[in-house]
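Understanding the architecture of this molecule
One-letter residues, chain by chain:
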Amino acid sequence: MSLEYAILVSLQERAGSGYELARRFDKSIGYFWGASHQQIYRSLKRMVELGWVSADEVAQEKRPDKKVYRVSDSGTAELARWLAEPADPPTVRNELSVKIRGASYGEIEQVLAEVRRHRTLHAERRAVYQAIEQRDFPDRTRLSGQPLHQFLVLSGGIRTEQSMVDWCDEVIAALEADAGS
């Protein structure tokens, strides 16, 4: 998937400037499709050239004018076309997995420390997602449309992070037992 489709989804939810879009990425969709602010601005430029988005100049007091981006009709059509395409299964490029596989060639304690660090990071990210869930989706039984779709992605993120915490726990226990034998 290219970044452009993540941007189209975000702009369909709410028009905004490049800065606002980058901040939204930092707080929501970026948890699942990361991009730097520079990548977002480059993609917006390409999307304007492709006719997928339009930009309106908005005057601001004591600040430079800003461009507010909106999805055009051709952008809506492109997003619908992309949504109908089969999605490739996610590929796994997990540096930690390679380190665990190679643990016997280095210091097990260093690999264990890295697994523990990752466990903490995944637990922290799970907690962030759970806080968002509590704040934004207190009554999940009444969700439909866009809020339901947003919740489903968040729910998948919570489950993914829980799975990573569980896996790290399994790895830690196994490596500790192996190091003690």
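Residues numbered from 1 in each chain as written. Predicted model: local features only at pLDDT ≥ 70, side-chain atom pairs only at ≥ 80, totals over all residues. Heavy atoms only, no water.

**Quick notes on the packing of aromatic side chains**
Let me state the cut-off plainly: The pairing test for Phe, Tyr and Trp rings, Trp by its six-membered ring, is centres within 6.5 Å, and the orientation test on the planes gives stacked under 30 degrees, edge-to-face over 60, and tilted for anything in between. Helix and strand definitions follow DSSP, with helices as H or I runs of at least four residues and strands as E runs of at least two, each counted in order from the N terminus. Throughout, exposure labels follow a simple rule: accessible area from a 1.4 Å probe, protein chains only, divided by the maximum for the residue type, with under 20% read as buried, over 50% as exposed, and the rest as partly exposed.
The full count for this structure, using the stated rule, is 3 aromatic pairs. Ring geometry for Tyr5 and Trp52: centres 5.8 Å apart, planes at 40 degrees, overall tilted. In this pair, Tyr5 sits in helix α1 (residues 3–13) while Trp52 sits in the loop between α3 (37–50) and β2 (53–60), placing the two residues 47 residues apart along the sequence. The two residues Tyr5 and Trp52 agree in class, both being buried. Pairwise contacts between aromatic rings join Tyr5, Trp52 and Trp82 into one cluster.

**Looking at the sheet that holds strand β1 (residues 16–17)**
The condition is simple: By the convention used here, strands pair only if DSSP detects at least 2 bridges between them.
In space, the 3 strands of this open sheet follow the order β1-β3-β2, with antiparallel pairing throughout. What marks the edges here is a single partner per strand, and that holds for β1 and β2. Of the strand pairs in this sheet, β2 and strand β3 (residues 63–71) are connected by 7 bridges, and their pairing is antiparallel. Its bridge partner being in β3, Asp56 is matched across the sheet by Val68.

**Thoughts on the nonpolar core**
Put simply, the rule reads: By nonpolar core we mean a set of buried residues, namely Ala, Val, Leu, Ile, Met, Phe, Trp, Tyr and Cys, connected to one another through side-chain atoms within 4.5 Å.
Core analysis: the biggest nonpolar cluster contains 19 residues, and Ile7, Leu8, Leu11, Phe25 and Ile40 have the highest contact counts within it. The dominant element in this core, judged by the number of residues it contributes, is α1, at 6 residues. With 10 residues, the next largest nonpolar core counts Leu96, Ile100, Ala103 and Val171 among its residues.

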